[in-house]
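Listed here are the chains, written in short residue letters.
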Amino acid sequence: MKKQLAVLIGVSMLAACNQGAGGEEEKAKEEELTASSVLTAAEKAHQDLQSVEVSFSQMDDYGWEEEGVASYDFAENVTHIETKSPKLTLFKDSEEFLFISDISSYTRDEKAKYESLLDRMTSQHKNPLAHFKEYDENLFDKFELEEKDGSYLLTYNGSEDDRLLLIESLAQSYVDYNARMWEEDPEDIEFDEVTADSFELSFDIDKDTNRIMSYKIKADYAIDIDGYEREFEADDSYIFSAFDEVAAIEKPDKDLTAVGNLSYDQQEQYEQEAADYVDAIIQATVFQNEEEYAARAPGDQSEDEKKEEGAKQKEEFGDLFKMFFGLGLEELNVNEDVIEEASAAYLKLLQGSNYLMLESNAQSEDTFEVVVSVEGIMLDNIQREIDLLLQNELNSGSISEESSEEELVQAMVSVLEKVAAEDHLAEAREVSVEVNRAGGSYMILDQDQYLDAFIQ
């Protein structure tokens, strides 16, 4: 009995010791709870997130509040965003981006900005902490921790220099959002200066799941790009819900993306036909090729009818080009044949330019914006080369100061044949051409929209 009693006493003492040790261990765990440890756990909890829904209120570049709900299926790479003001539906999967609005006046660049917004929100909301940590790898050490019932409140308390690192994340969003309109790659744009009058960032994190329940960001800042300063205010809040519970996101009816009463298929057809028409017109005018006009022009006309129309466009443009060219020589004593020969030489030089059809977008049921990238000829550069070649002709005695004006023009035509247009092409420039559709036919009311890019 004494032996058994001794064993029981020993077991009890061991249990008491273990209980004491467990208490100390639990206490140690509590002491180890820091802002950094909570944020690290939250970042890890979001790494394998399959889907989530985020209600948001954020301020746009112009100080207008945007409210909406974003649904993300990260596993299937699908995003669906509904905004209240302006009322928009944005959808993107691995195949395409759909933009639906009650307003039909959005430009191509504005639509591109909303696609950039969707991409930015998708990247940021999958793992907000990882997003901000890209700008400051020591981010988690710069928060204060407050424990609440069921959650932790993390409030940013970084220094002024620290805040500027995160301000750059907001500024970069502005650049990504607007780079399309600037016709630049966002990665090529550098900030000359970033300043901040205020900056606040906080996260609410669930104790049980370590997931972000919500976060807020508020800032008053300015960025300087190429000497141009823009001031901004951010007052954004995001509430997370339905973790890994978002149902399969359905793709909106494509007909809803079409303008006016057009169906999606009609709009797609007319957009392509508008682009084909611009392509054909460029061939008939700039490149003086009625055969290519006939091959590229849309419509149900016969090939002969299209060739006839192409020849008409070719002739009208050639006559117009000759007329304007002749105006520059009207003070000279030059006959009509020489003027025609000179204008034809310049027109042939113009055909050394390059272009590429980029896209076509409906602006209304009968108006389309066709975008063309053009490498046009730089006339100033060509004129300098012509002057040098004429000087060589003068030095060789082929022409002299006593040569008539007509002889000088003919000499200019002669040296033009030695000029290689490809050596004098400008950098590619995107131009928008407005095309109108009526009764199945297309027309361009202002050809200068593309001609100005071919002749620079």
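Residues numbered from 1 in each chain as written. Predicted model: local features only at pLDDT ≥ 70, side-chain atom pairs only at ≥ 80, totals over all residues. Heavy atoms only, no water.

J.: Explain the side chain of Glu271 here, please?
T.: Along the chain, Glu271 falls in helix α6 (residues 264–285). Here Glu271 is buried and forms no salt bridge, its nearest opposite-charge partner Lys111 lying at an N-O distance of 6.1 Å. Residues in contact with Glu271, not counting those within four places in the same chain, are Ser360, Asn361, Ala362 and Phe368. (Helix = DSSP H or I, 4+ residues; strand = E, 2+ residues; numbered from the N terminus. Buried < 20%, exposed > 50% of the residue type's maximum accessible area, 1.4 Å probe, protein only. Lys, Arg positive; Asp, Glu negative; His and termini not counted. Salt bridge = Lys/Arg side-chain N within 4 Å of Asp/Glu carboxyl O. Contact = heavy atoms within 4.5 Å.)

J.: Just to check I follow, could you spell out the confidence of the model for the protein for this structure?
T.: Predicted coordinates in areas of low pLDDT are best not read in detail. Model confidence for the protein is summarised by a mean pLDDT of 84, while 82% of its residues fall at 70 or above. Ranking the elements of the protein by mean pLDDT puts helix α1 (residues 2–32) last, at 45, and strand β7 (residues 151–156) first, at 98. Segment residues 1–19 is flagged for pLDDT under 50; beyond a separation of four residues in sequence, or across chains, it makes zero contacts in the model. (pLDDT = per-residue confidence, 0-100.)

J.: Looking at this structure, I do not really get the environment of Leu379. What am I missing?
T.: With respect to the element layout, Leu379 can be found in helix α10 (residues 379–396). Take Leu379: its relative accessible area is 30%, and that puts it in the partly exposed class. For the pair formed by Leu379 and Tyr346, sequence separation is 33 residues and the distance between their alpha carbons is 9.8 Å. Ignoring any residue separated from it by four or fewer positions in sequence, one finds Leu379 in contact with Tyr346, Ile455 and Gln456.

J.: Looking at this structure, how should I read the sheet that holds strand β2 (residues 65–73)?
T.: Pairing between the strands of a sheet comes from backbone hydrogen bonds, and it takes one of two forms, parallel or antiparallel. With antiparallel pairing, 10 strands are arranged side by side in an open sheet as β5-β4-β3-β2-β1-β10-β9-β8-β7-β6. Single-partner strands in this sheet number two, and they are β5 (97–101) and β6 (143–148). Averaged over all neighbouring strand pairs, the angle between strand axes comes to 15 degrees, with direction disregarded. Each of β6, β7, β8 (193–206), β9 (212–225) and β10 (228–241) touches helix α2 (residues 35–47); the most contacted strand, β6, lies at about 80 degrees to it. Each of β1 (51–59), β2, β3 (78–83), β4 (88–92), β5, β9 and β10 touches helix α3 (residues 108–126); the most contacted strand, β4, lies at about 65 degrees to it. (Pairing = 2+ DSSP bridges. Axes fitted to C-alpha atoms, helices over the stretch in contact; angles between N-to-C directions.)

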